[in-house]
There are 2 protein chains.
Amino acid sequence: MNVYVAGTGMTKFGKHAENSMELSVEAAAKAMEDAGIAPEEIEELYVGNFAQNLFEGQAHLGPALYGSLGLKNNIKATHVESACASGSFALHEAFRAIKGGFAKTVMVVGVEKMTAKTTPEITGILATAGDAFYEAPCGITFPGYYALMASYYLKNIGGTKDDLAEIAIKNHYHASKNPYAQFQREITKEMYYGSPIIAEPLCLYDCSPISDGAAAMILTSEKKDVELASCEAAVSRMALAERGEDISWLEGVEIAGKRAYNVAGVAPEDIDVAEVHDCFTIAEVQNIEALGFYKHGEGIKAAKEKETYFDGKKPVNTDGGLKAKGHPVGATGVSMAIEVVKQLHNEAHNQVKGAEVGLISNVGGSGPSCVVGILRRS
Amino acid sequence: MNVYVAGTGMTKFGKHAENSMELSVEAAAKAMEDAGIAPEEIEELYVGNFAQNLFEGQAHLGPALYGSLGLKNNIKATHVESACASGSFALHEAFRAIKGGFAKTVMVVGVEKMTAKTTPEITGILATAGDAFYEAPCGITFPGYYALMASYYLKNIGGTKDDLAEIAIKNHYHASKNPYAQFQREITKEMYYGSPIIAEPLCLYDCSPISDGAAAMILTSEKKDVELASCEAAVSRMALAERGEDISWLEGVEIAGKRAYNVAGVAPEDIDVAEVHDCFTIAEVQNIEALGFYKHGEGIKAAKEKETYFDGKKPVNTDGGLKAKGHPVGATGVSMAIEVVKQLHNEAHNQVKGAEVGLISNVGGSGPSCVVGILRRS
């Protein structure tokens, strides 16, 4: 059974007055309208969310959204959580629901309403995606995890802080054309270097923001012009200390990528456009290397050499990425897939000419949860 | 592809010094030993958990447990949450992973470490399984939800508080023979009536306790002597106010039950032993009626008439149920399936003679999330 994209919808990412239910309704209603599908035709619902119980006091999002979205027929609805990869793990389960012949029309809603809390509270909530028993008690938070990986990379693998700046500049440039992005403005190298250090070597403009937002996708077994050809998952060890010596290498992305290429029958060089998990600038480098687009040590130069711009030879994060589009945790993985669908429909804000095959790589925590999905024109 | 039970394992339920990882390791190691399966043979992991991020600060349980359990090969591991039905929703996804041909050997771990928090904190955490936007702000907590349903039932459907007492007495009697139960002691009617009212008409002995525990099950496509013949899910509206006039009727259980009977090709009268979600005594009544064991209004008399004792004509909660075995939220659904497997293996502590077909009915929140599973000797 092949899996196709029937419709998509999302909110603008940013700071919203609406709660998680209201954001989800906006995204899901747009997706149903886009698909020409009524609520009673949805056969299953998977909700990707990281921590709405901590952000808003609402767990149990399956039936909460079932009711809010006006879905019918007492369908199966549940909530999947894999930290910042929650959205794509929900997509993975929805993909399987159709692939395995269990349903014909499945909705995925990724959502996170984060700004209900203060920044210090949010930093603490995000830290629950790390190892709570051995790492968190040492005081590490997510900028710290990625700063450790960035430090290792810059010292032992290659590149400079200036190369990271070029990634932030590229993704802000892409976001400047995307009305759904949180930061619709370009940044300069002066702004980058003038911004405060968050965790050495990462400064403010290396970091994705705190965001509210929702993204919805309806998958179907009925032939449509975009196919979700594969959506494969992998995990690796949670704590940085439990990984190999090169802590900058994302083994889970590498493995999930190989699985996804294999199921879809494509290779890294076939990918015309990719959305990858740049929660920090260094993470974009880690992803494009683990996915086989660049050799280890060479991905960090890609933005500086304009290769990963939408009109370059390997376009990456054409919607602005987590960095500038925003990162409402549970919505992120689904929004990546939406950008790829737009590219394959030739309707993207930064259109890649003739895009036929696209990829998403969504990562949870400091790297242990990974989903790689491949979409193509069918 | 048929789905079989390769092995099971669980901790005693109760108050433990161990954290969620340690409890999970105990349950999973027992399951692997029972199955004769090594960690590297596990192809996927689903974790059922309600709120470990609130209880212990640990979200992202897929990779956290992957590492703690010593699993290998960068398998897929994720966390499924549907409030108190989290364990059975994880089982549902694992069932599908095999049924759909995606994997041959899948582990499910249900876990909750609750006693890391105080009772008032835990009551607040559990309330996140209700409607956070309309109901929770009114101050309702879970004893309140079930007290409303019990009040409606006793006033409009039938039965008396004395009938509820008989359910508590039965389940404590069953638990008194179960070394894995939190309360291994019988209670008397005097003790029941002497206990404090929690939410009128429910007193202390109508309520399941706060518990720590883990339960693990390994499913396989290889033929074994117990088959998981179906494991079907349904949801209904979240808020009590959004349901029909009879708020005591669990529509989700009715629908999930019909789906499970249909897939397994059995009827309510074929069920030799059932584990149902008695988070409060009234919930046992609601389940056995929605599952079609008893007509609406008659299930409340079943314990008083000794029919639901292990040696009665319709044995229910032979391990003591949530009421007396304990209710570590995410572990509960998996532990129900373990008790049914023990019954079908003729190894239960309160053995039902000649049990061939068993059922689990696990409910999340005040009724909106439901999974019904059917196991049988193969």
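Preceding this section is the structure that the text describes.
About the criteria used
- Residues numbered from 1 in each chain as written.
- Chains lettered and ligands numbered in written order.
- Predicted model: local features only at pLDDT ≥ 70, side-chain atom pairs only at ≥ 80, totals over all residues.
- Helix = DSSP H or I, 4+ residues; strand = E, 2+ residues; numbered from the N terminus.
- Buried ≥ 20, exposed ≤ 12 C-beta atoms within 10 Å, placed from the backbone.
- Contact = placed C-beta atoms within 7 Å.
- Expected span 1.5 Å × (residues − 1).
- Pairing = 2+ DSSP bridges.
- Nonpolar A, V, L, I, M, F, W, Y, C, P; charged D, E, K, R; others polar.
- Axes fitted to C-alpha atoms, helices over the stretch in contact; angles between N-to-C directions.
- Left-handed = near helix turned anticlockwise from the far one by under 90°.
- Parallel < 35°, antiparallel > 145°, perpendicular 65-115°, else oblique.
- Least-squares fit on C-alpha atoms with pLDDT ≥ 70 in both.

**With respect to the overall build of chain A**
On a plain count of helices and strands, chain A comes out with 12 helices and 11 strands. Principal-axis analysis of the C-alpha atoms gives chain A an extent of 55 × 45 × 40 Å. Per-residue burial for chain A yields a buried fraction of 64% across its 378 residues. Of the contacts formed within chain A by residues at least 6 apart in sequence, a portion of 78% connects residues at least 24 apart.

**What to know about helix 6 (residues 142-157) of chain B**
All names here are of chain B. Across its 16 residues, helix 6 extends 21 Å between first and last C-alpha, which sits within 8% of the 22 Å expected from 1.5 Å per residue. Structurally, helix 6 contributes buried residues whose contacts are with helix 5 (119-127), strand 5 (197-199), strand 6 (202-203) and helix 10 (281-290). Remark: glycine 158 follows helix 6 within two positions and exhibits a positive phi of approximately 150°.

**A short note on the pairing of strand 4 (residues 105-113) of chain A**
Taken residue by residue, a regular strand's side chains alternate between the two faces of the sheet. Residue and element names in this part refer to chain A. For strand 4, a buried count of 8 out of 9 residues is recorded, marking the element as mostly surrounded by other parts of the structure. Pairing between strand 4 and strand 7 (residues 212-220): 9 bridges, direction antiparallel. Looking at the pairing, valine 109 lines up with alanine 216 of strand 7.

**Here we look at unusual backbone geometry**
If a residue is not glycine, its phi is most likely negative; likewise, a peptide bond is most likely trans. Residue and element names in this part refer to chain A. Residues glutamate 200 and proline 201 are joined by a peptide bond in cis, for which omega reads 5°. You will see that asparagine 346, though not glycine, has its phi angle at about 65°, which is positive. Tracing the backbone shows asparagine 346 in the loop between helix 12 (329-344) and strand 10 (357-364).

**Overview of the interface of chain B and chain A**
At the interface, 53 residues of chain B touch 53 residues of chain A. Of all the elements, strand 3 (residues 76-81) of chain B adds the most residues to the side of chain B that touches chain A, at 6 residues. Of the residues contributing to the side of chain B that touches chain A, the split by class is 24 nonpolar, 19 polar and 10 charged.

**Observations concerning the packing of helix 6 of chain B against helix 10 of chain B**
Residue and element names in this part refer to chain B. Here helix 6 crosses helix 10 at 60°, and the two axes come no closer than 9 Å. Between helix 6 and helix 10 the crossing geometry is left-handed. On the side of helix 6, the interface is formed by Tyr146, Met149, Ala150 and Tyr153, while helix 10 contributes Ile282, Ala283, Val285 and Gln286. Its residues assigned to classes, the contact of helix 6 with helix 10 comprises 7 nonpolar, 1 polar and no charged.

**Overview of the packing of helix 7 (residues 161-175) of chain A against helix 10 (residues 281-290) of chain A**
All names here are of chain A. Their axes nearest at 8 Å, the elements helix 7 and helix 10 cross at an angle of 95°. Classified by the interaxial angle, the pair formed by helix 7 and helix 10 is roughly perpendicular. Of the residues in helix 10, those in contact with Leu164, Ile167 and Ala168 of helix 7 are Thr281, Ile282 and Glu284. Each residue belonging to the contact of helix 7 with helix 10 can be placed in one class, and the counts come to 4 nonpolar, 1 polar and 1 charged.

**Examining the relation of the copies chain B and chain A**
Each copy superposes on the other: chain B lies on chain A with an RMSD of 0.0 Å after a rotation of 180° and an axial shift of 0.0 Å. Accordingly, the operation relating the two chain copies is best matched by a two-fold axis. Here 100% of the contact residues of chain B are again contact residues in chain A; the copies associate through an equivalent surface.

**Structural notes on the environment of histidine 327 of chain A**
Tracing the chain through its elements places histidine 327 of chain A in the loop between helix 11 (321-325) and helix 12. With residues up to four places along the chain from it excluded, the contact list for histidine 327 of chain A reads Ser208, Pro209, Ser211, Cys279, Leu322 and Thr332 of chain A.

**Brief notes about the pairing of strand 10 (residues 357-364) of chain B**
Residues and elements named next belong to chain B. Burial analysis of strand 10 places 8 of its 8 residues in the buried class, the great majority of the element. The two faces of strand 10 match: Val357, Leu359, Ser361 and Val363 on one face and Gly358, Ile360, Asn362 and Gly364 on the other face are all buried. Inspection of the sheet shows strand 9 (residues 273-276) paired to strand 10 by 4 bridges, in the parallel sense. Bridge pairing in strand 10 places glutamate 275 opposite isoleucine 360.

**Considering helix 12 (residues 329-344) of chain B**
In an α-helix, one turn spans 3.6 residues; hence positions three or four apart end up facing the same way. Residue and element names in this part refer to chain B. For helix 12, spanning 16 residues, the distance from its first C-alpha to its last is 24 Å, which sits close to the expected 22 Å at 1.5 Å a residue. Within helix 12, 16 of the 16 residues are buried, leaving the element largely enclosed by the surrounding structure. Looking one or two places after helix 12, you find asparagine 346, whose phi comes out positive at around 60°.

**Observations regarding the environment of histidine 16 of chain A**
Residue and element names in this part refer to chain A. Turning to its location among the elements, histidine 16 is positioned in the loop between strand 1 (4-10) and helix 1 (20-35). Residue classification places histidine 16 among the buried positions, given that 21 C-beta atoms sit within 10 Å. Considered as a pair, histidine 16 and methionine 114 are 98 residues apart in the sequence and their alpha carbons are 9.4 Å apart. Setting aside anything within four residues of it in sequence, one finds histidine 16 in contact with Leu23 and Asp212.

**Examining the environment of isoleucine 167 of chain A**
All names here are of chain A. When you line up the elements, isoleucine 167 lands in helix 7. Expressed as a C-alpha distance, the spacing of isoleucine 167 and glutamate 227, which sit 60 residues apart in the sequence, is 29 Å. Residue contacts for isoleucine 167: discarding those within four places in its chain leaves Thr281, Glu284 and Ala303.

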